[in-house]
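# Structural features, examined
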Amino acid sequence: MPYQMWINGEHTSGNSGNVIEVHNPATEDLLDTAPAANAADVDLAVTAAQAAFRIWKRVPAGEKADLLHEVARKLAERTEDIARVLTLEGGKPLVENRDEMGWSAACFRYYAELGRNSRGRVVPSIEESQLALVLKEPYGVVGAIVPWNYPILLMAWKVAPALAAGNTVVIKPSEMTPLSTLLLAEIFAHLPPGVVNIVSGYGADCGEPLVLDPRVRVLAFTGSLATGQRIAQLAAPMMKKLHLELGGKDAFIVAEDADLEVAVPGVAWAALLNAGQVCTSTERVYVHESIASEFTERIVAYARGLRLGPGIEPETDMGPIIGERYRAKIEAQVAEAVSQGARVLTGGRRPPRFERGYFYEPTVLTNLSHAMPIMREETFGPTIPIMTYRSFDEAIELANDSQYGLGANLYTHDPRKAKRFFEEVQAGTLWINDPLTDNDAAPFGGFKFSGGSRELGEEGLEEFRETKHVHWDFEGGAKPWWYPYGK
Ligand code: NAD
């Protein structure tokens, strides 16, 4: 069966008759096609979600939890075939996509339980004859716009809390990786029709109608800063609630006491995981000058030892970049840095052994300045730019010298440095000695231009709940402070 969208509990090819061609970034071959939705498809999906909201918001919490646990169970059951499609369309190694499926199932399990844990709180009232309730209510229809680097996980981080809070959703995957998300129709099929809808399409034809529909009360978006800014402009006249998870330029500080046996592979993994296409990829490395030459020498050797190849091959460590446009951006940043005096110690090129596929070698750079685009703009590629520092003050200053503030990492066993790091670095997640580990129970999101919203944890549920204060006086008598004042 061709890949189809999922609207109101039914498969559909949509109204436009157009398709998205999805290519395998490891081979550049056409993999398959997905429907390219237009505004009429989005309208149908939002209409279905709005109708389903009247049912879903009344489903008792325990029953909702069971239904979300069933989503988790099916995600876990389908790990192998969906991870395969994720690998073919997105490029990252199969082992990483199996992890993505496991984390996505865990996220649904977490919110299945959290969603039935509280509906707000009771606060002390002004008078004895009163009850003061703080109620948490769903908004209604949530639009979930997802990027290509973690299509299922970043869907889960939005859809699981949104559903647990009682909202209904319209999901729009990236046009680069729509196939794995379209497979989720069966995973959501046991929910009432319209509670989850999936429309595949391009940003302008499918994403923007979702943003512009006034019935979509919350627009949850993960993607680039430029698209986030465009969405914010479109949504402003409607006072729509926005939930934005944008780019990053994460720093990794390596202190002089770091164990290089751990720090070298740790930094390399943080920078090269998914070929550096993680929002929290390490994109700037600051190493204490006393260990910089040994660290650099070792990380160059380590990067050279990694195996590039199609993600579907079990021995592959690092797959391709998602597409030509994205590889060209990495190449331009490296070329610009070199033209300004940077040194490429390894990589900095397309691996000669591949004739096809958007591969780019793991690239270690030194002789950098903080004015270079490679130290300022998001690279989203397998680069390890290394600068040295003398004092910890300087390392913190360099880490904070960015418009972004998503995550930051540190290797040290010195508690004074660790405390200064987590207090002074302006970022949403501070990892000390264990890079890039997420926790369903802990919030994830960024400071500054990284967006300001939070996914996961109790904060991730709150993003999809509106707060209502109920002030109830059950005596209901006249109050002495009313008119007339002259009495
Ligand atoms: P992107 O902004 O190009 O696209 C993201 C999604 O937005 C896609 O589904 C796309 O079709 C849609 N879109 C594009 N234009 C739109 C428009 N005008 N209106 C509505 N929707 C539109 O980003 P990408 O290249 O898919 O993903 C990479 C980016 O995502 C990086 O910047 C990365 O840092 C960021 N990211 C952030 C996080 C986080 O949690 N902060 C996580 C992963 C990725």
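Structure: see above.
This one's a predicted model, so the numbers in the text were calculated from it and none came from an experiment.

### Examining the overall build of the protein chain
On a plain count of helices and strands, the protein chain comes out with 16 helices and 21 strands. Against the compact-globule benchmark of 23 Å for 487 residues, the protein chain has a radius of gyration of 24 Å, which places it among compact chains. If one aligns the C-alpha atoms of the protein chain with their principal axes, the spans along those axes are about 80 × 60 × 40 Å. Pairs at least 24 residues apart make up 73% of the contacts formed inside the protein chain by residues separated by at least 6 positions. Accessible surface, the protein chain as shown: approximately 20300 Å² in total, 53% of it carbon and sulfur. Placing the 47 positive and 64 negative side-chain charges of the protein chain at their respective mean positions leaves the two points 4 Å apart.

### Remarks on the site of the ligand
Glu175, Glu208, Ser224, Leu246 and Glu378 are the nearest of the 29 residues found near the ligand. In this structure, an oxygen atom belonging to the ligand sits 2.7 Å away from a side-chain N or O atom of serine 224. A distance of 2.7 Å is found between an oxygen atom of the ligand and a side-chain nitrogen or oxygen belonging to threonine 227. Isolated, the ligand exposes 860 Å² of accessible area, and the fraction of that covered by the protein chains is 92%.

### Remarks on the environment of methionine 5
Within the secondary structure, methionine 5 is located in strand 1 (residues 5-7). When the C-alpha positions of methionine 5 and tyrosine 389 are compared, they lie 52 Å apart, and in sequence the two are 384 residues distant. Apart from the residues within four sequence positions on either side, methionine 5 is in contact with Glu10, His11, Thr12, Ser13, Gly14, Pro35, Ala37, Asp41, Leu182, Ile198, Val199 and Ser200.

### Section: the pattern of salt bridges
Overall, the coordinates contain 37 salt bridges when judged by the stated rule. Between lysine 241 and glutamate 463 there is a salt bridge, with its nearest N and O atoms 3.8 Å apart. Taken together, the residues span a long stretch of sequence, with lysine 241 in strand 11 (residues 241-245) and glutamate 463 in the loop between helix 16 (457-462) and strand 21 (465-473) at a distance of 222 residues. Notably, a salt bridge pairs aspartate 473 with lysine 479, separated by 2.8 Å at the nearest N-O pair. As far as burial versus exposure is concerned, aspartate 473 and lysine 479 are alike and both buried.

### Quick notes on the sheet that holds strand 21
In space, the 3 strands of this open sheet follow the order 5-6-21, with antiparallel pairing throughout. Each edge of the sheet is formed by a strand with only one pairing partner; in this case those strands are strand 5 (120-123) and strand 21. With direction set aside, neighbouring strand axes in the sheet form an average angle of 15°. By the bridge criterion, 4 bridges tie strand 5 to strand 6 (residues 130-138) in an arrangement that is antiparallel. From the neighbouring strand, valine 123 faces strand 6, where its bridge partner is alanine 132.

### Considerations on the nonpolar core
Within the largest apolar cluster, 151 residues are counted, with the highest numbers of intra-cluster contacts made by Phe108, Met155, Leu163, Phe188, Val254 and Phe295. In terms of residues, this core owes the most to one element, helix 5 (residues 151-164), which gives 11 residues. Excluding its chain neighbours within four sequence positions, the residues that come into contact with phenylalanine 108 are Leu68, Val71, Ala72, Leu75, Met155, Ala156, Val159, Ala160, Leu163 and Phe188.

### Focus: the sheet that holds strand 16 (residues 383-389)
With mixed pairing, 7 strands are arranged side by side in an open sheet as 14-15-16-13-12-18-19. The open sheet is flanked by strand 14 (343-346) and strand 19 (429-432), the only strands paired with a single partner. Each neighbouring strand pair of the sheet contributes to a mean axis angle of 25°, computed without reference to strand direction. Two strands pair when backbone bridges link them, and strand 12 (residues 250-254) and strand 18 (residues 407-411) are joined in this way by 4 bridges, in the parallel orientation.

### A few points about helix 2 (residues 61-77)
In this model, helix 2 (17 residues) spans 24 Å end to end at C-alpha, consistent with the 24 Å of a helix rising 1.5 Å per residue. Buried residues of helix 2: Lys64, Ala65, Leu67, Leu68, Val71, Ala72, Lys74 and Leu75, and no others. Of the surrounding elements, those touching the buried residues of helix 2 are helix 1 (39-56), helix 3 (79-90), helix 4 (94-114), helix 5 and helix 7 (185-188).

Parameters and conventions
- Residues numbered from 1 in each chain as written.
- Predicted model: local features only at pLDDT ≥ 70, side-chain atom pairs only at ≥ 80, totals over all residues.
- Heavy atoms only, no water.
- Helix = DSSP H or I, 4+ residues; strand = E, 2+ residues; numbered from the N terminus.
- Rg over C-alpha atoms; globule rule 2.2 N^0.38 Å.
- Contact = heavy atoms within 4.5 Å.
- Areas by Shrake-Rupley, 256 points an atom, 1.4 Å probe, with all protein chains shown as cover.
- Lys, Arg positive; Asp, Glu negative; His and termini not counted.
- Charge placed at Lys NZ, Arg CZ, Asp CG, Glu CD.
- Near = heavy atom within 4 Å.
- Polar contact = N/O pair within 3.5 Å; in protein donor to acceptor, adjacent residues only side chain to side chain.
- Salt bridge = Lys/Arg side-chain N within 4 Å of Asp/Glu carboxyl O.
- Buried < 20%, exposed > 50% of the residue type's maximum accessible area, 1.4 Å probe, protein only.
- Pairing = 2+ DSSP bridges.
- Axes fitted to C-alpha atoms, helices over the stretch in contact; angles between N-to-C directions.
- Core = buried A, V, L, I, M, F, W, Y, C linked by side-chain atoms within 4.5 Å.
- Expected span 1.5 Å × (residues − 1).

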